[in-house]
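Structural characterization, general
Here is what each chain is made of, one letter per residue.
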Amino acid sequence: MKRIMHILLQWGLSLTARMPFGILYVLSDIIYIMVFHVARYRRKVVEKNLAVSFPDMDEDVLRKVEKQFYRNFADYIVETIKLMHISDRQMASRMTFDGIEHINNTVGKGRSVVCFFSHCGNWEWVTSITLHCKAEMEKGVRYCQVYRPLRDKWMDGLMLRLRSRFHSHSYPKRTVFRDLLLLSREGVPTVTGFMSDQKPSKGDNTHVLTFLNHPTAVITGTEALGRKLKMAAVYMDMYKRGRGRYHVTIRPIADDIAATEPMEVTDTYFRMLEQTIRRDPAIWLWTHKRWKHHVEMPKTPEE
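These notes cover the structure that comes with them. What you are looking at is a predicted structure, and each value in this text was computed from that prediction instead of being measured. (Residues numbered from 1 in each chain as written. Predicted model: local features only at pLDDT ≥ 70, side-chain atom pairs only at ≥ 80, totals over all residues. Heavy atoms only, no water.)

Describing helix α8 (residues 153-163)
- Those residues of α8 not exposed but buried are Trp154, Asp156, Leu158, Met159, Leu162 and Arg163.
- Buried residues in α8 make contact with α1 (2-17), α4 (59-82), β3 (142-147) and β4 (169-172).
- Two to three positions downstream of the cap, the backbone nitrogen of tryptophan 154 sits 2.9 Å from a side-chain oxygen, assigning the N-cap of α8 to aspartate 152. (Buried < 20%, exposed > 50% of the residue type's maximum accessible area, 1.4 Å probe, protein only. Helix = DSSP H or I, 4+ residues; strand = E, 2+ residues; numbered from the N terminus. Contact = heavy atoms within 4.5 Å. Polar contact = N/O pair within 3.5 Å; in protein donor to acceptor, adjacent residues only side chain to side chain.)

Below, the structure written as structure tokens:
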């Protein structure tokens, strides 16, 4: 029965992915109504996160941001399904980049790059950066992303296929250091995207900073890995220009993470991310309970 359900789901998703964007956004509008008004999916979490992150924001403005967030979330769902059937040409016109030279200059010297990224806009579409870097791929540069395997094996396989749609490589978080180390020893430059806006994993060094008006424990593993492998660091700054229209500006953080002070790269990344969110709050994923556990800012020597 489970196999039959997966086959039916595959057919349904494939049929949906073949629809033109105009029809997909009608479907997105329906999903928005169901998620926001009917199921009220994590409404209290989103409302609280927004309220405490923007204490000076007018109540009416907060409600508009909340509604727009859910509309963006519905768009994300149908756009991600669309990855099953979208041409390279169409994707390259809808997901654009600038600042790619910061990456190209680094890999051209045979060195690798860490791309700090977050759950902004449609993060699944960012793997299409390879469409704009074909020359570098032909030179042997490998484009990668880190992922956390899903519990449902069928869904995990589907997401891996979608994330590999534009010939990038997906590495599970638990083995990514080993995987990138092996590539480094083989002389293969890598460009690897890390989603670095989630709660820290067990075993991560504790680092607390002020982020969106909260003392926040943040992920440090991205910097730690980049430091060990002496990688450069960039930030993928996401803009949503319209439905199905996104743009990323690649902003340099460090030429060599190993040459920076401890946590300097992480602190810089979260300052940049906060600027992105304040510029357009509705594009960030507010449904996570990022501040579920209270943490304290570390005391300074004077204190």
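A closer look at the sheet that holds strand β2 (residues 113-117)
- Within the open sheet, the seven strands sit side by side as β1-β9-β8-β2-β5-β3-β4. Their pairing is mixed. Looking along the sheet, the strands with just one partner apiece sit at the ends: β1 (95-98) and β4. This sheet shows a mean twist of 30° between the axes of neighbouring strands, independent of strand direction.
- One ladder, built from nine bridges, connects strand β8 (residues 232-242) with strand β9 (residues 245-254); its direction is antiparallel. Across the sheet, residue glycine 242 finds its bridge partner in β9, namely arginine 245.
- Docked against the sheet, helix α9 (residues 176-185) engages β3, β4 and β5 (190-195), running at close to 130° with respect to β4.
- Lying on the sheet, helix α10 (residues 221-228) is in contact with β2 and β5; it crosses β2 at an angle near 170°. (Pairing = 2+ DSSP bridges. Axes fitted to C-alpha atoms, helices over the stretch in contact; angles between N-to-C directions.)

Some points on the environment of alanine 17
- Topologically, alanine 17 is positioned in helix α1.
- On the basis of relative accessible area, alanine 17 is assigned to the buried category, the value being 0%.
- Along the primary structure alanine 17 and proline 215 are separated by 198 residues, whereas in three dimensions their C-alpha atoms are 41 Å apart.

Distances and angles like these do not, on their own, reveal function.
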